[in-house]
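# Survey of secondary and tertiary structure
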Amino acid sequence: MPRLFAYFLSALALLSANLRGEEAQFTMKFFHDGSPLEYAVASLTPLDFPVSLIPTSNAVVTQADKEYDPYVTVVMVGTETSFPNKDTVQHHLYSVSKAKRFEKPLYASGTTETVVFDKVGVVTLGCNIHDWMLAYVYVAPTPWFAKSDADGLAEIKGIPPGRYQLTVWHPRIKKPIEQEITLVAGPNLPEEMNLNLKRDRRIRRAPAGRASGY
Amino acid sequence: MKFFKITSLLLLTGSLVGAQPVGLLSGLNLRVSSTWTDNISSTSHLPTLKSGQYFTASGSLAHPWPLNRDWLLVLEAEAILEDVPTFSALNSISGIGRVNLRRKFGPGAYAPMFEVSAGATATSFKEDPRSGFQLEAGTRLSKRLSPNLQLAGGINWEDYNAKHRTFDLRTHRVFLEGVWDITERWRLSAGATRIWGQFIANAAGSIWPLAIGGQLGPEIFHHYNTLAWEVSDTYGSGWVAYRNRESTVDQWWMELSPALTDRTSLSLRYEFNKAINAIGIRYDSVFWTLGLNHQF
């Protein structure tokens with residue numbers, strides 16, 4: 001009961017801060033071996049108030065040119081994600097990840113299937129016909145997240161000030177990084193983070209040679 | 001002329017490689033290669049054997065049709081041009097149609113895959129008696145052990161019916177191969193094949209009469225007089241082509257292939273063929289191939 005009351009007070013404070021237009025901005029810059037790192041995900045889970053987990057938008061992962069695009073998608077838990085097949089061939093979308101195990105076989109050209117990601121975690125997508133096709137859906141327990149761009153920058157806007165658990169993830173990270181941070185209204189000091197990553201072990205797409213001789 | 005042919009081939013490939021992968025080009029594989037072999041004439045008599053180089057250009061179009069969750073049907077059409085500048089009688093063009101049925105045991109890249117395939121090839125040589133029609137069938141089992149290591153093995157049967165029976169071939173083979181992606185760019189693959197059956201060999205006009213005349217010993221006399229042969233002049237005036245039977249060929253190969261892009265690779269391949277006919281005479285050969293491969 002006291003905890004519920006605390007949440008209620010926090011929610012009131014948050015509402016009041018939002019009404020006054022006091023929102024926080026948080027920017028992270030990711031590196032790996034001194035170079036800007038793309039596809040790093042930063043998410044902020046509030047520690048002092050509950051968060052509304054009603055998805056307000058959908059996500060799209062396209063199958064085109066026998067690749068998934070984008071390579072990394074971040075969604076809030078419960079988000080419906082569509083997978084249009086823009087190729088001229090069929091695909092066989094699947095995941096065997098704990099966060100979402102599913103299959104979409106006989107996935108015809110020009111059609112779109114949808115999947116609701118209803119459990120927090122990382123979902124690895126593959127195609128059972130084209131082994132090199134690989135993508136990730138990071139299912140976050142919060143609406144405040146961002147993915148780093150080619151310059152390594154990930155910017156989260158519209159965050160209520162307060163204490164958060166910052167979670168950092170990347171497809172090649174050994175273990176997600178978690179730390180507590182406090183955000184104040186307005187722009188917060190940008191945080192730089194160098195990630196220690198595993199080797200990129202994607203399946204090679206480039207063709208091989210052919211036999212000669214007899 | 002040779003320079004013109006090679007340049008044209010490279011320009012054609014380059015322009016196609018640079019093209020956008022749209023419509024029909026999707027699923028198209030192109031390959032150009034140059035092979036040098038120390039025994040292009042497949043000759044057992046070392047002083048007379050001929051080495052040589054040949055150029056190959058091929059284009060194949062494959063289309064996969066998933067039949068259900070586990071089975072995939074792949075239809076493939078391929079055209080191959082082969083140019084042998086020094087021995088132009090061997091210049092050829094081939095058209096191939098293949099059907100491949102694949103069963104994957106579970107989802108994912110690591111699931112074992114079993115394949116059954118059948119194909120038909122029509123080949124036209126400049127030296128017309130070699131031209132013919134081949135039927136082939138095979139099975140293959142493959143398994144990816146990690147993102148950068150894959151093993152495969154299989155059996156193939158081939159039956160080639162040429163215009164002249166000297167060039168008919170019936171063989172079957174078993175093979176094992178492994179692919180190791182050392183880094184994101186570099187791939188090393190290797191394999192071994194054992195072939196049983198027939199292969200075409202050639203002898204200089206100065207040697208063949210000795211073989212069938214008995215001057216090279218009774219065993220060679222008795223065996224070579226049972227073989228189908230004809231004067232072909234393929235490697236010079238008076239050269240003879242003949243069909244070895246009840247033979248074995250052991251192939252070992254190794255290929256280093258850097259990926260230039262995610263669609264294009266180079267391949268440098270070394271292959272050693274140890275061919276032994278029914279009475280133990282060897283027709284060894286080494287092949288070095290440099291290829292450029294592109295997949296749309």
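Residues numbered from 1 in each chain as written. Chains lettered and ligands numbered in written order. Predicted model: local features only at pLDDT ≥ 70, side-chain atom pairs only at ≥ 80, totals over all residues.

## Points about the overall build of chain A
Scanning chain A from terminus to terminus reveals one helix and 19 strands. Relative to all contacts within chain A whose residues are 6 or more apart in sequence, the contacts with residues 24 or more apart total 65%. (Helix = DSSP H or I, 4+ residues; strand = E, 2+ residues; numbered from the N terminus. Contact = placed C-beta atoms within 7 Å.)

## Side note on the overall build of chain B
The helix and strand inventory of chain B stands at three helices and 13 strands. Taken over the C-alpha trace, chain B has a radius of gyration of 21 Å; the compact-globule value for 296 residues is 19 Å, and the two agree within 12%. In terms of principal-axis extent, the alpha carbons of chain B reach across some 65 × 45 × 35 Å. Expressed as a percentage of its 296 residues, the buried residues of chain B come to 27%. Taking the contacts inside chain B whose residues are at least 6 apart along the sequence as the reference set, 54% of them involve residues at least 24 apart. (Rg over C-alpha atoms; globule rule 2.2 N^0.38 Å. Buried ≥ 20, exposed ≤ 12 C-beta atoms within 10 Å, placed from the backbone.)

## Focus: the confidence of the model for chain A
In the predicted model, chain A carries a mean pLDDT of 89, and 88% of its residues have values of at least 70. Scored below 50 in pLDDT, residues 1–10 of chain A shows four contacts in the model against residues more than four places distant or in partner chains. (pLDDT = per-residue confidence, 0-100.)

## Here we look at the sheet that holds strand β10 (residues 100–107) of chain A
Residue and element names in this part refer to chain A. Pairing in this open sheet of five strands is mixed, and the strands run β7-β13-β12-β9-β10 from one edge to the other. Across the chains shown, the open sheet's two edge strands, defined by having one partner strand only, are β7 (72–76) and β10. If you compare each strand with its neighbour and ignore which way they point, the axes differ by 20° on average. Bridge count between strand β12 (residues 121–127) and strand β13 (residues 134–140): six bridges; the pairing is antiparallel. Residue Leu-125 lies in a different strand from β13, and its bridge partner there is Ala-135. (Pairing = 2+ DSSP bridges. Axes fitted to C-alpha atoms, helices over the stretch in contact; angles between N-to-C directions.)

## Considering the sheet that holds strand β3 (residues 41–46) of chain A
Strand-to-strand pairing in sheets goes through backbone hydrogen bonds, with the strands running parallel or antiparallel. All names here are of chain A. Here we have four strands laid out as an open sheet, ordered β14-β3-β16-β17, and antiparallel in their pairing. Of all strands in the sheet, those bounded by a partner on one side alone are β14 (145–147) and β17 (177–183). On average, each strand axis in the sheet is tilted by 20° relative to the strand beside it, whichever way the strands run. Looking at chain direction, β3 and β14 are connected through three bridges and run antiparallel. Paired with Ser-43 across the bridge in β14 is Phe-145.

## Considering the nonpolar core
Within the largest apolar cluster, 43 residues are counted, with the highest numbers of intra-cluster contacts made by Ala-40, Val-41, Ala-42, Val-137 and Tyr-138 of chain A. In this structure, Val-41 of chain A is in contact with Val-72, Val-74, Tyr-138, Phe-145, Lys-147, Val-168, Trp-169 and His-170 of chain A, ignoring residues within four places of it in sequence. Ranked by size, the runner-up nonpolar core spans 23 residues in total, among them Tyr-54, Phe-125, Ala-211 and Trp-239 of chain B. (Core = buried A, V, L, I, M, F, W, Y, C linked by C-beta atoms within 7 Å.)

## Some thoughts on the interface of chain A and chain B
Contacts between chain A and chain B engage 28 residues on the former and 42 residues on the latter. Looking at the side of chain A that touches chain B, the elements that each hand over two or more residues are β9 (91–97) and β10 of chain A. The class makeup of the residues in the side of chain A that touches chain B is eleven nonpolar, eight polar and nine charged. (Nonpolar A, V, L, I, M, F, W, Y, C, P; charged D, E, K, R; others polar.)

## Description of unusual backbone geometry
Residues and elements named next belong to chain A. With omega at 5°, the peptide bond leading from Asp-69 into Pro-70 counts as cis. On the secondary structure map, Pro-70 appears in the loop between β6 (67–69) and β7. For Tyr-39, which is not a glycine, the phi torsion comes out positive at approximately 75°. One can find Tyr-39 in the loop between β2 (35–36) and β3. Residue Tyr-39 is classed as buried on the basis of its 21 C-beta neighbours within 10 Å. Not every positive phi belongs to a glycine, and Leu-106 is a case in point at roughly 50°.

## What to know about the pairing of strand β6 (residues 132–146) of chain B
Residue and element names in this part refer to chain B. In the sheet, strand β5 (residues 113–125) pairs with β6 via eleven bridges, with the strands oriented antiparallel. Across the sheet, residue Ala-118 finds its bridge partner in β6, namely Ala-137. Between β5 and the antiparallel strand that follows it, β6, lie six residues. Inspection of the sheet shows β6 paired to strand β7 (residues 149–162) by 14 bridges, in the antiparallel sense. The residue of β7 that forms the bridge with Ser-146 is Leu-149. Turn length for the β6-β7 hairpin, with the two strands adjacent in sequence and antiparallel, is two residues.

## Side note on the environment of Thr-289 of chain B
Tracing the backbone through its elements, the reader meets Thr-289 of chain B in strand β13 (residues 285–295). Considered as a pair, Thr-289 of chain B and Val-84 of chain B are 205 residues apart in the sequence and their alpha carbons are 14 Å apart.

## Brief notes about the environment of Thr-111 of chain A
All names here are of chain A. Along the chain, Thr-111 turns up in the loop between β10 and β11 (112–117). Classification of Thr-111 by C-beta neighbours within 10 Å gives partly exposed; the count is 13. Placed 83 residues apart in sequence, Thr-111 and Asn-194 show a C-alpha to C-alpha distance of 40 Å.

## Quick notes on the pairing of strand β4 (residues 92–104) of chain B
Residues and elements named next belong to chain B. Sheet topology places strand β3 (residues 71–83) next to β4; twelve bridges connect them, and they run antiparallel. Each bridged residue has a counterpart across the sheet, and for Ile-80 the counterpart in β4 is Ser-94. Taken together, the 13 bridges between β4 and β5 define a ladder with antiparallel strand orientation. By the bridge assignment for β5, Arg-98 is matched with Gly-119.

## Points about the confidence of the model for chain B
Should the pLDDT be low somewhere, the predicted coordinates at that spot are not to be read in detail. Residue and element names in this part refer to chain B. Confidence in the prediction for chain B averages 92 pLDDT; 91% of positions are at 70 or higher. Looking at the elements of chain B, mean pLDDT is at its lowest for helix α1 (residues 2–18), recorded as 46, and at its highest for β5, recorded as 98. Scored below 50 in pLDDT, residues 6–23 makes 15 contacts in the model with residues more than four places away or belonging to other chains. Interface confidence for the predicted complex, expressed as ipTM, amounts to 0.81; the pTM equals 0.85.

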